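In case you want the letters, here they are:
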Amino acid sequence: MQTVNDKLKILKEKNAHVNLGGGVERLEAQHKLGKMTAHERLHLLYDNGFYDELFRFVQHHATAFGLGGKDLPADGVVTGLGAVRGRLVYASSQDFTVMGGSVGLKHAWKICEIMDMALKAGAPYISVNDSGGARIQEGVDSLQGYGRIFYYNTLLSGVVPQISIIAGPCAGGAAYSPALMDFIVMVKGTGQMFIAGPEVIKEATGETISAEELGGAYAQAAQSGNVHFIARDDADAIEIVQSLLSYLPNNNTEDPPFHGTGDLTIIEDEALNHVVPDDPRDPYNMFDILQMVLDPGSLFEVHSHYAKNMIVCFARLNGRVVGVLANQPLEKFGAIDIDASDKASRFVRFCNAFNIPLITFVDVPGFLPGVEQEFGGIIRHGAKMLFSFSAATVPKISVVVRKAYGGAYLAMCAKALGADRIAAWPTAEIAVMGAEGAVNVLYRGEIKSAADPQTRRKELIEEYKLQFSNPYQAAQQGMVDAVIEPKKTRAYLSVALESLRNKRELRPQKKHGLIPM
Ligand code: HXC
């Protein structure tokens, strides 16, 4: 008969076996590639390296292609829960050393169970991807497994934050799970994602491209915009996730963590009065303004490699988390194009789902003109911004810094889209379009017949600017609440944010609207 000690010995042996994953050789191979193992990644993620592993003895039931009776430790994925900076977080971490971290039915089942637990507990879910994709031997069972993962990703969406780390291969349909989550962090050099790899592409279209060029971190961050953060290595990826979590609530019924004292510190920064150049055509760096207005060191940029003409970041104002959107005049003069629209509206949707107030800094000359933009669907994509801001019920505050022209001004969350507070700097130009364009449309005949067309054109432009290129007409109409000195921006936003803390806005019941997709 087995004694209790015998039973404990067996348990210890089994645990050791599981922790070694696919064996010492494979673990070493993983390290040689600069990758951590599935357990090491979780160890680093969780406070004091402690996590509660669940389902470690789950095994596949597959029999085909030599899988029958084959022992796959933890079925190739470590699943569990623990505390990240003191808050409950659920995670799954694929183990590439066990049959390439491939996804069979039970592997997928474990991931879904963890997601279901995260959903019920109202806690964030982190997935570490390092996998050869569908476990070939399990055939359609594997597809069924993936389908369930996608289903749970969708159930969790908007209820608890979902963050994906891609720290190895993530190819084919497997890439759709990260794509369904809120944020993707990809490790440079080892992470890769694509629907069809270089060989398939070569066969299908004749194009030649390396796997890194196609699916590496930079390509997926800067070209496709699928990746939100590039990490130097696994440890950096985990640090990014920990920092990101510090801005997010546990779930959609809670507010984000508050790091302030509760005191309203009203600081005026004289330097803000001198950021915007005298010539409205000169660019400046919008980050200079953001750094001066928001809490020092709190700016956490998202999607920094993609659509740089639109800045989106989390930050804190007097300790309160805010989602910030700003046009960047250094890139495409801050004009909104298709990619900027997608980037901005996705961020607005996320912030609204998780009770994060929105602040916009506006300096936008318009939507980017061009045949490519029109044929690419700028109307549909730009409409996403109008939709997402209009639909957002979190506090919405805007600061018009300089140009605010036409539909693009509305798309940056104007009063008409439900902005709760709007301040304009004296340098603001709120108008249907810029002075040059307007004068060309309105006075073409008069300019043509003038004795000196150039001089007359200039005079008309100046007249137009005097009348329209300022914030006062909009202020007269109540489209702007206040015209403020730039140095008072932090004070203005602080008061506005505090006064909106208990904002409640009810909307008509519906199944869902149709965001222009
Ligand atoms: C079963 C797999 C596997 C898979 C890898 N392995 N991928 N086993 N199913 N999908 C096994 C290998 O046989 C090998 O086992 C071990 O994992 C390590 O793999 P290597 O090839 O030695 O590693 P590496 O050279 O680093 O190459 C990694 C890789 C390659 C690029 C990911 O393994 C690969 O191309 N795998 C197949 C990828 C694939 O086509 N997956 C299906 C995609 S379709 P041994 O015992 O030799 O160590 C898909 C559909 C999902 O995912 C649809 C959802 C809707």
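Coordinates for the structure precede this section.
Quantities reported herein were computed from a predicted structural model and do not represent experimental measurements.

## Description of the pattern of salt bridges
Tallied over the entire structure, the rule returns 25 salt bridges. The salt bridge partner of Arg135 is Asp75, with a shortest N-O separation of 3.0 Å. One end of the pair, Arg135, is in the loop between strand E4 (125–129) and helix H5 (140–156); the other, Asp75, is in the loop between strand E1 (51–54) and strand E2 (77–84), with 60 residues separating them in the sequence. Using a relative accessible area of 0% as the deciding quantity, one classes Asp75 as buried. In this structure, Asp116 and Lys120 form a salt bridge, with 2.9 Å as the shortest nitrogen-oxygen distance. Placement of both Asp116 and Lys120 in helix H4 (residues 105–121) is noted, with a separation of four residues, approximately one turn of the helix. On the basis of relative accessibility, which here comes to 70%, the residue Lys120 falls in the exposed class.

## Digging into the site of the ligand
Arg26, Gly100, Gly132, Ala134 and Ile136 are the nearest of the 16 residues found near the ligand. Contacts to the ligand include Arg26, whose side-chain N or O atom sits 2.7 Å from an oxygen atom. At 3.0 Å, a backbone N or O of Gly100 approaches an oxygen atom of the ligand. Here the ligand loses 50% of its free accessible area of 1,000 Å² to cover by the protein chains. If you tally residues by element for the shell around the ligand, the top one is H5, at three residues.

## Re the packing of aromatic side chains
Tallied over the entire structure, the rule returns 14 aromatic pairs. Pairing Phe314 with Phe350 gives two aromatic rings, centres 6.1 Å apart and planes at 70°, and the pair type is edge-to-face. One end of the pair, Phe314, is in strand E11 (residues 310–317); the other, Phe350, is in helix H12 (residues 338–353), with 36 residues separating them in the sequence. Taking the ring centre of Trp109 as reference, the NZ or CZ of Lys106 above it sits at 5.0 Å.

## Considerations on the packing of helix H16 (residues 435–442) against helix H18 (residues 453–468)
The N-to-C vectors of H16 and H18 enclose an angle of 115°; their axes lie 9 Å apart at closest approach. Where H16 crosses over H18, the two elements pack in a sense that is right-handed. Packed against H16, whose contacting residues are Ala435, Glu436, Ala438, Val439 and Asn440, the element H18 presents Arg457, Leu460, Ile461, Tyr464 and Lys465 at the interface. Taken together, the residues of the contact of H16 with H18 sort by class into six nonpolar, one polar and three charged.

## Focus on unusual backbone geometry
The phi dihedral of Asn318 is positive, around 50°, even though this residue is not glycine. Residue placement: Asn318 occurs in the loop between E11 and strand E12 (320–327). Unusually for a residue other than glycine, Cys413 sits at a positive phi of about 80°. Topologically, Cys413 is positioned in the loop between helix H15 (406–411) and strand E15 (421–424). Residue class for Cys413 comes out buried when judged on its relative accessible area of 3%.

## Section: the sheet that holds strand E3 (residues 87–94)
Read from one edge of the open sheet, seven strands run E1-E2-E3-E4-E5-E7-E9, paired in mixed fashion. Every interior strand has two partners, whereas the edge strands, E1 and strand E9 (229–231), have only one. Taking each pair of neighbouring strands and ignoring which way they run, the sheet shows an average axis angle of 20°. Of the strands in this sheet, E1, E2, E3, E4 and strand E5 (162–166) touch H4, which is tilted by about 170° from E3.

## What to know about the environment of Ser102
You can see Ser102 is positioned in the loop between E3 and H4. Judged by its relative accessible area of 6%, Ser102 is buried. When the C-alpha atoms of Ser102 and Val77 are compared, they prove to be 8.8 Å apart, with 25 residues separating the residues in sequence. Looking at Ser102, its side chain comes within polar contact range of the main-chain oxygen of Met99, at 2.8 Å.

## Focus: the environment of Pro296
Mapped onto the elements of the fold, Pro296 is located in the loop between helix H11 (286–293) and strand E10 (300–302). Judged by its relative accessible area of 76%, Pro296 is exposed. In this structure the C-alpha to C-alpha distance between Pro296 and Arg316, which are 20 residues apart in sequence, comes to 8.5 Å.

What counts as what
- Residues numbered from 1 in each chain as written.
- Predicted model: local features only at pLDDT ≥ 70, side-chain atom pairs only at ≥ 80, totals over all residues.
- Heavy atoms only, no water.
- Salt bridge = Lys/Arg side-chain N within 4 Å of Asp/Glu carboxyl O.
- Helix = DSSP H or I, 4+ residues; strand = E, 2+ residues; numbered from the N terminus.
- Buried < 20%, exposed > 50% of the residue type's maximum accessible area, 1.4 Å probe, protein only.
- Near = heavy atom within 4 Å.
- Polar contact = N/O pair within 3.5 Å; in protein donor to acceptor, adjacent residues only side chain to side chain.
- Areas by Shrake-Rupley, 256 points an atom, 1.4 Å probe, with all protein chains shown as cover.
- Phe/Tyr/Trp six-rings, centres within 6.5 Å; stacked < 30°, edge-to-face > 60°.
- Lys NZ or Arg CZ within 6 Å of the ring centre and 35° of its normal.
- Axes fitted to C-alpha atoms, helices over the stretch in contact; angles between N-to-C directions.
- Left-handed = near helix turned anticlockwise from the far one by under 90°.
- Contact = heavy atoms within 4.5 Å.
- Nonpolar A, V, L, I, M, F, W, Y, C, P; charged D, E, K, R; others polar.
- Pairing = 2+ DSSP bridges.

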